[in-house]
Each structure stands twice: as C-alpha cells, then as structure tokens.
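# Working through the structure, step by step
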Amino acid sequence: MDFQYTDTQVQIAEMIRDFANKNIRPKMMEWDEAQKFPVDLFKQMGQLGLMGVLVPTEYGGSGLGYFEYVTVVSEIAKVCGSIGLSVAAHNSLCTGHILYFGNEEQKKKYLPKLATAEFIGAWGLTEANTGSDAGNMRCTAVRDGDDWTLNGTKNWITHGISGDVAVVLARTGEPRAKSNVTAFIVERGTPGFTAGKKENKLGMRASETAELVFDNCRISDAQRMGEVGDGFRQAMKVLDGGRISIAALSLGIAEGAYEASLKYSKERQQFDQPISNFQAIAFKLADMATKIEVSKMLIYQAADMKNRGVAMTKESAMAKYYASEVAVQNSVEAVQIFGGYGYTKDFPVEKFYRDSKLCTIGEGTSEIQKLVISREILK
C-alpha cells in the first residue's frame, strides 16, 4: 500500500494551513475561553468544500475519499482540536449517516445543505443513563399513522444547540429487544424539539456539546431512514467511519504537539545551547515522532479499506485506540518539554493537552475500542 500524499492531499493540506493561520489561529483561544462555537467559520469552510468532503459532487459535495478526509481533519486539528472535532462530527456522523442510509429524496434534500454548511449537522445516539448500552435507550419513537412521536433526551451531542438538522436514533421496540432502534432526521424548529444543557468542558471548548430534548416531537414517516428497527446496525456502520474521524483528529493533535515541541526545543537555550541537544529532550522527540508514524499507518490502512468498501471494524478500532492514546502521550510530553511555559495559555501545548483527552473518550472509550478489537480477533 502506498500511503504517500497525493497531489490532491498536498493541495488540501496547503490550503488548510493557509486558512487556519488566517482564520483559526488568531481567535482559537478566544473561542476556547468563551466556549464559543464559531458558526461563521464553518460557513466559510463549507464554501471551501471542507464540510462535505465525502459527499459526491452530484449532491454538492467535494466527492473525495477517506485519505483526503483524514488530511482535512488532521491538518485542522494541528491548529485547533475543537474545530477539527466539529468538522469530523459534521462530516462523518450526521452527513455520513444520511449519505449511506438516506433514500434518494432525503439525500437530495439534506446533503447539498450539509455539504456547504448551510446546515450544521448533529447526530444523536448517546444518552445520560445508557452510554454505550444503546439497546436500552430511553428516547422513544412511537408510530401514529403516517407520523412518529419522539420523546426523550440525547446527551453529549456535538452541535446540540447550533445544529440545523439532527439524525436521531430512537427506540421503536421493547428495551433490549433485537432490532429495536430506528433512525430519524429531525430539523431544528420542529415543534417539541429543543436544545438542553450545554456542557462546560475541560477541552474542545469551541466545539459545542449539548443535549437534544424531544417532548412530543411529531415528525413524518418520510423523515425515517431505512427500515424500522434498522437504526442500530446503521449506527455501527457510521461509527466505523467515525473511528477514522477521531483517529485523524488524534493524529492532528499529536502532530501539532510534536511540531510545537520540536520548534521550541531548537529555540530554547540552556547552558548556552538549544535544549534539543540534550538527550532527555531528543529521546522524547524521537518517541513522539515514532508514535505519529505508527498512528498514520493504522489510520491509512483503515482509510484504504474504507475506500475499497472492505469491512474494517477491527482496523478502524485499532487506529482510533492507538492514535487517541498517542495524542494524549504526545501532549503530555509537549508540556514537559516546554516546562513551566507549557502550563500557561501563552503557548499552544496546554490546549493540546486539554483537547487530547476527549480523543480517548469520543466515539467510544479506549476500553470500548479494545472490546471491539478483541471481539473481532476472537471470532
């Protein structure tokens, strides 16, 4: 497998670096402190094709593959994990679910708006008391003729307040029964659909996380995706791609922390020489660089399989598990290399440090990834 950057990836990376330096880097700490989700920035990225990377051109998207998608998410995350997370969630979850499981009418209605960021997307699976126990979810959808009535709450939803449209997984059968979850598309403004509590987070603070609340929210059966009871299977397929998203996000944070450390180590003088000359620092940099390269190989392997339509549950879980741990490890080492300065907000690594931890939690914890991997290898 050849994982060298293609000309397209090189162009994307250069474009994102230029865009990020002009539009993200100057304001990212302001957004972080205020926990502000910069909607206008995402509208700009929509015009650049970054919000519909995987969407075919016939639906207004960029029509690219997973290698290009990994490049988009990782390059943004090198600068700001929050913005990278929101780009990843929009592309792979809400947009991805409609792309893979929506009917033609639904695709034509929603994908062009999502691909250009006219609509910001949200994806509602997680609940406060169920977490990964999706078969026991409490958010329900009850059929009434040609309509459905949704009741319940979804938690930890990216773009839960600002999202214009949400894909919502609701229980349509008995708790823990087989095939008891169905997916629905719900637009903001639908009576009975509101936003709830916004989370006050350690990191990823400019990526909005909030509740979705449904109180006798009535929607048409035309908003249902796929067959009744098919929602859980759809969600697992979406999460396979979602793991690549978080792995790419993790890679970007790991690379950002490493690049900042490398630069600082060459500039910081102690005992009349740069600290990069000291073996204690040089070895840290060597470890960081090696782990980044291993992460890339795992991510590109999963991306290649995804592009070819090959089952890659194990590979995406491995990529997400390893890369997310590396993001944390590299961020910790970056703070150590910067020393006291690394503990201040005047330098970038404290933000990488805070943001990185989400990568081991989002789209399933590292323990969940090990469970997925172990099940696959023990089949």
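Note on numbering: residues in each chain are counted from 1, in written sequence order. Whole-chain, interface and lining totals are the exception, using all residues; otherwise, since this is a predicted model, local features are given only for residues with pLDDT of at least 70 and side-chain atom pairs are given and counted only at 80 or more. No hydrogens and no water enter the side-chain calculation; it runs on all heavy atoms of the structure.

## Notes on the overall build of the chain
Keep this limit in mind: Think of it this way: any DSSP run of H or I at least four residues long counts as a helix, any run of E at least two long counts as a strand, and we number them from the N terminus. The reference for a compact globule is 2.2 Å times residues^0.38; the radius of gyration itself is calculated from the C-alpha atoms. Accessibility here uses a 1.4 Å probe with only protein chains present; expressed as a share of the type maximum, an area under 20% marks a residue as buried, one over 50% as exposed, and anything in between as partly exposed.
Scanning the chain from terminus to terminus reveals eleven helices and ten strands. Relative to a compact globule of 379 residues, whose C-alpha radius of gyration would be 21 Å, the chain shows 21 Å and is just as compact. In terms of overall dimensions, the chain has C-alpha extents of about 80 × 45 × 40 Å along its principal axes. Sorting the 379 residues of the chain into buried and exposed places 55% on the buried side.

## Quick notes on the pattern of salt bridges
Our working rule: Definition used for salt bridges: Asp or Glu carboxyl oxygen within 4 Å of a side-chain nitrogen of Lys or Arg.
Counted according to the given criterion, the structure contains 26 salt bridges. A salt bridge links Asp18 to Lys22; the shortest N-O distance between them is 3.5 Å. Placement of both Asp18 and Lys22 in helix α1 (residues 7-23) is noted, with a separation of four residues, approximately one turn of the helix. With a closest N to O distance of 3.0 Å, Arg218 and Asp147 form a salt bridge.

## Points about the packing of aromatic side chains
This is how it is decided: By convention, a stacked pair of Phe, Tyr or Trp rings (six-membered ring in the case of Trp) has centres within 6.5 Å and planes under 30 degrees apart, an edge-to-face pair has planes over 60 apart, and any other such pair is tilted. For a Lys NZ or an Arg CZ to count as sitting over a ring, it must be within 6 Å of the ring centre and within 35 degrees of the ring normal.
One pass over the structure, following the stated rule, counts ten aromatic pairs. On the basis of an interplanar angle of 50° and a centroid distance of 5.3 Å, the ring pair of Tyr341 and Phe347 is categorised as tilted. Judged by its relative accessible area of 28%, Phe347 is partly exposed. Site record: aromatic cluster; members linked through ring pairs are Tyr264, Phe338, Tyr341 and Phe347. Over the aromatic face of Phe193 sits the side chain of Arg188, whose NZ or CZ is 4.5 Å from the ring centroid. A cation over an aromatic ring shows up here: Lys306 above the ring of Tyr100, its NZ or CZ 4.9 Å from the ring centre.

## What to know about the nonpolar core
Inside soluble globular proteins, nonpolar side chains tend to come together where they are buried. Counted only if it meets this: For this analysis, a nonpolar core means a set of buried residues of the types Ala, Val, Leu, Ile, Met, Phe, Trp, Tyr and Cys, connected via side-chain atoms within 4.5 Å. Contact between two residues is taken to exist if any of their heavy atoms lie within 4.5 Å; hydrogens are not considered.
Counting 69 residues, the largest nonpolar core has Ile24, Phe42, Met45, Ile83 and Leu249 as its most contacted members. In terms of residue count, helix α7 (residues 231-267) provides more of this core than any other element does, twelve residues in total. Look past the residues within four positions of Ile83 in its chain and what remains in contact with it is Ile24, Trp31, Pro38, Leu41, Phe42, Met45 and Ile76.

## Focus: the environment of Ile361
Considering the arrangement of structural elements, one finds Ile361 in the loop between α10 (349-359) and α11 (366-377). Counting along the chain gives 40 residues from Ile361 to Tyr321, while the straight-line C-alpha distance between them is 9.8 Å.

## Examining unusual backbone geometry
A positive phi angle is found at Trp156, which is not glycine, with a value near 60°. In this fold, Trp156 is placed in strand β3 (residues 147-158). Phi is positive for Phe271, close to 55°, though the residue is something other than glycine. Considering the arrangement of structural elements, one finds Phe271 in the loop between β9 (269-270) and β10 (273-274).

## Brief notes about the packing of helix α8 (residues 279-307) against helix α9 (residues 313-338)
The condition is simple: Orientation is described by axes fitted as lines to C-alpha atoms, over the contacting stretch for helices, and by angles from 0 to 180 degrees between their N-to-C directions. Roughly parallel refers to an angle under 35 degrees, roughly antiparallel to one over 145, roughly perpendicular to one between 65 and 115, and oblique to any angle outside these ranges. Handedness of a helix crossing follows the sense of rotation of the near helix relative to the far helix, less than a right angle counterclockwise being left-handed and clockwise being right-handed. Think of it as three bins: nonpolar holds Ala, Val, Leu, Ile, Met, Phe, Trp, Tyr, Cys and Pro, charged holds Asp, Glu, Lys and Arg, and polar takes everything else, Gly as well.
Direction vectors running N to C along α8 and α9 enclose 160°, while the axes themselves pass 9 Å from each other. Here α8 is positioned roughly antiparallel relative to α9, judged by the angle of their axes. Here α8 and α9 pass one another in a crossing that is left-handed. A per-class count over the contact of α8 with α9 returns 16 nonpolar, six polar and four charged.

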